[in-house]
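# Tertiary structure, described
Here are the chains, one letter per residue:
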Amino acid sequence: MIITGIQPTGNLHIGNYLGAIKPLIALQQNDEDTYAFIADYHAITANFDPASFSQVSRDLVAMILACDFDTERGSIFLQSDVPEHTEMAHILGCTAARVGQLNRMIQFKEKMAALAENEETPSVGLYTYPVLQAADVLLYQDAENGTPTKVPVGDDQSQHLNLVVDIAASFNHRFGDTFILPKPVISTAPRIMSLFDGTKKMSKSDPDDMNRINMSDPADRIVKKFRKATTDQHMICGTVEEIGDRVCLRNLLTIYAAFADMTLDEAVAHFAGKGFGALKGELADIVVATLEPIQARYLDIRERKQAMSQMLGRGAMGASIMASDTLHRVRKAIGIADRNGLGEDEV
Ligand code: TYM
């Protein structure tokens, strides 16, 4: 079983594609039970625009489908359509997650610092965000086979997923074995960085669009963005070790390797001794060649609104079957009866 979520917080970019979507599609080839969801209840923890919110979510669904997500082998749904996520989050927040753990979350600290710059304070939801993420993952259990659920994500989610494992373990410790501990699958293109600042992650919510390559960018814009990406004055080195702290070079080579299905070693060997012009040219070519067919499918899927609504309805229904089963077991484990005060067994 596989589960992953993506927030509808802006334009999907190649970091999301390489970090989560491409690995998800690859894993899906060998796994019948795949759940992918739009994390809309996560996205409302920060500023969002109610007028465009629903469209952003649907565009994201269309893009995931255009990347070849197979709805015969899995469900795609909106998190807000499966209320078990928030109910489970409340239970985990009360029984298994601790304030000290949330205080250590780097993403919360970073987001809080960014808000403080504008004299804004974080929402309570932003603080408890990782507990909702734990609920998202732990609802999807392969109880029949006892195999851990795989969670494909980019490296920026490692800390949150380690916390999910900890929360599951402490719940089991307190209430008896209820959860199979999930298995984070961190992408081999671990973290794609901004095109201008190799120390900052490429992000959907970055106000400067030139920092990222959006999945929907036309070819000329992709060429332009790579041409303007930060470089240094040296030639490309001969080994990965020699990249050292040339973070912008490392980032461009990482992107190239991921799109060309090469290791970083192979990508370095391919460009060794060449200048940045050659790297940027080939990089733009390979990214455009990969994205153009995806974009054509995206535009087509996006237009088929009714089919998408039906598919999301089916996806939510499929997810609910699994989620309500897990929630039932969790409620039972903590001694909360289902239905009119009676336990399911007595109904
Ligand atoms: P989000 O929406 O920020 O990102 C979606 C996925 O894309 C990956 N990613 C990246 N990978 C490589 N380089 C980057 N620059 C980059 N930026 C983003 C993320 O690691 C993620 O896999 N908290 C999650 C959403 C979520 C979730 C979950 C994920 C909510 N519940 C349960 C897995 C399981 C998030 O903010 O992703």
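How each quantity is defined
Residues numbered from 1 in each chain as written. Predicted model: local features only at pLDDT ≥ 70, side-chain atom pairs only at ≥ 80, totals over all residues. Heavy atoms only, no water. Near = heavy atom within 4 Å. Polar contact = N/O pair within 3.5 Å; in protein donor to acceptor, adjacent residues only side chain to side chain. Areas by Shrake-Rupley, 256 points an atom, 1.4 Å probe, with all protein chains shown as cover. Helix = DSSP H or I, 4+ residues; strand = E, 2+ residues; numbered from the N terminus. Nonpolar A, V, L, I, M, F, W, Y, C, P; charged D, E, K, R; others polar. Axes fitted to C-alpha atoms, helices over the stretch in contact; angles between N-to-C directions. Parallel < 35°, antiparallel > 145°, perpendicular 65-115°, else oblique. Left-handed = near helix turned anticlockwise from the far one by under 90°. Contact = heavy atoms within 4.5 Å. Buried < 20%, exposed > 50% of the residue type's maximum accessible area, 1.4 Å probe, protein only. Phe/Tyr/Trp six-rings, centres within 6.5 Å; stacked < 30°, edge-to-face > 60°. Lys NZ or Arg CZ within 6 Å of the ring centre and 35° of its normal. Pairing = 2+ DSSP bridges. Right-handed = clockwise from strand over helix to strand, strands pointing away.

What follows concerns the site of the ligand. Neighbouring residues of the ligand: 27 residues in total, closest Tyr129, Asp136, Asp156, Ile192 and Lys204. Between Gln157 and the ligand, the recorded distance is 3.0 Å, taken from a side-chain N or O atom to a nitrogen atom. Within the side chain of Lys204, a nitrogen or oxygen atom sits 2.6 Å from an oxygen atom of the ligand. About the coverage of the ligand: the protein hides 97% of its 700 Å² of free accessible area. When contributions to the shell around the ligand are tallied by element, the ones reaching two or more residues are strand S1 (2-6), helix H1 (14-28), helix H7 (124-138) and strand S4 (150-153). Among the residues making up the shell around the ligand, the classes are represented as eleven nonpolar, eleven polar and five charged.

Moving on, we come to the packing of helix H9 (residues 219-228) against helix H12 (residues 276-303). Interaxial distance between H9 and H12 falls to 9 Å at its minimum, and their mutual angle equals 150 degrees. Here H12 runs roughly antiparallel to H9, going by the angle between their axes. In this structure, the crossing between H9 and H12 has a hand that is right-handed. Side by side, H9 and H12 meet where Ala219, Ile222, Val223, Phe226, Arg227 and Lys228 of the first sit next to Lys280, Leu283, Ala284, Val287, Val288, Leu291 and Glu292 of the second. Of the residues in the contact of H9 with H12, the class split is nine nonpolar, no polar and four charged.

This part is about unusual backbone geometry. We note that Asp68 has phi near 90 degrees; this positive angle belongs to a residue other than glycine. With respect to the element layout, Asp68 can be found in the loop between helix H3 (50-66) and strand S3 (74-78). Given the relative accessible area of 47%, Asp68 is considered partly exposed. Even without being a glycine, Asp261 presents a positive backbone phi close to 55 degrees. Among the structural elements, Asp261 can be located in the loop between helix H10 (247-259) and helix H11 (264-271). For Asp261, a relative accessible area of 62% translates into the label exposed.

Now for the packing of aromatic side chains. Evaluation of the coordinates by the stated rule reveals nine aromatic pairs. Their ring planes at 50 degrees and their centres at 5.1 Å tell us that Phe48 and Phe53 sit as a pair that is tilted. Look at Phe48 and you get partly exposed, because its relative accessible area is 39%. Here Phe171 and Phe175 contribute two aromatic rings whose centre-to-centre distance is 4.7 Å and whose plane-to-plane angle is 40 degrees, an arrangement assigned as tilted. Residue Phe171 and its partner Phe175 are both found in helix H8 (residues 158-175); the two are separated by four residues, about one turn of the helix. Since its relative accessible area comes to 0%, Phe171 is described here as buried. Phe175 gets classed as partly exposed once you look at its relative accessible area, which sits at 23%. Members of the aromatic cluster, connected to one another through ring pairs, are Tyr35, Phe37, Phe77 and Tyr140. Sitting above the plane of the Tyr129 ring, Lys111 keeps its charged end 5.4 Å from the centroid.

Alignment of S4 against strand S5 (residues 183-186), held across four bridges, turns out to be parallel. If you follow Val153 over to S5, its bridge partner there is Ile186. On the question of chirality, the crossover connecting S4 to the parallel S5 by way of H8 is right-handed.

What follows is about the packing of H3 against helix H13 (residues 305-333). In a pair of packed helices, the angle between the axes and the distance between the axes together describe the arrangement. For the pair H3 and H13, the least separation of the axes is 11 Å and the interaxial angle reads 85 degrees. Judged by the inter-axis angle, H3 sits roughly perpendicular to H13. Packed against H3, whose contacting residues are Arg58, Val61, Ala62 and Leu65, the element H13 presents Lys305, Met308, Ser309, Met311 and Leu312 at the interface.

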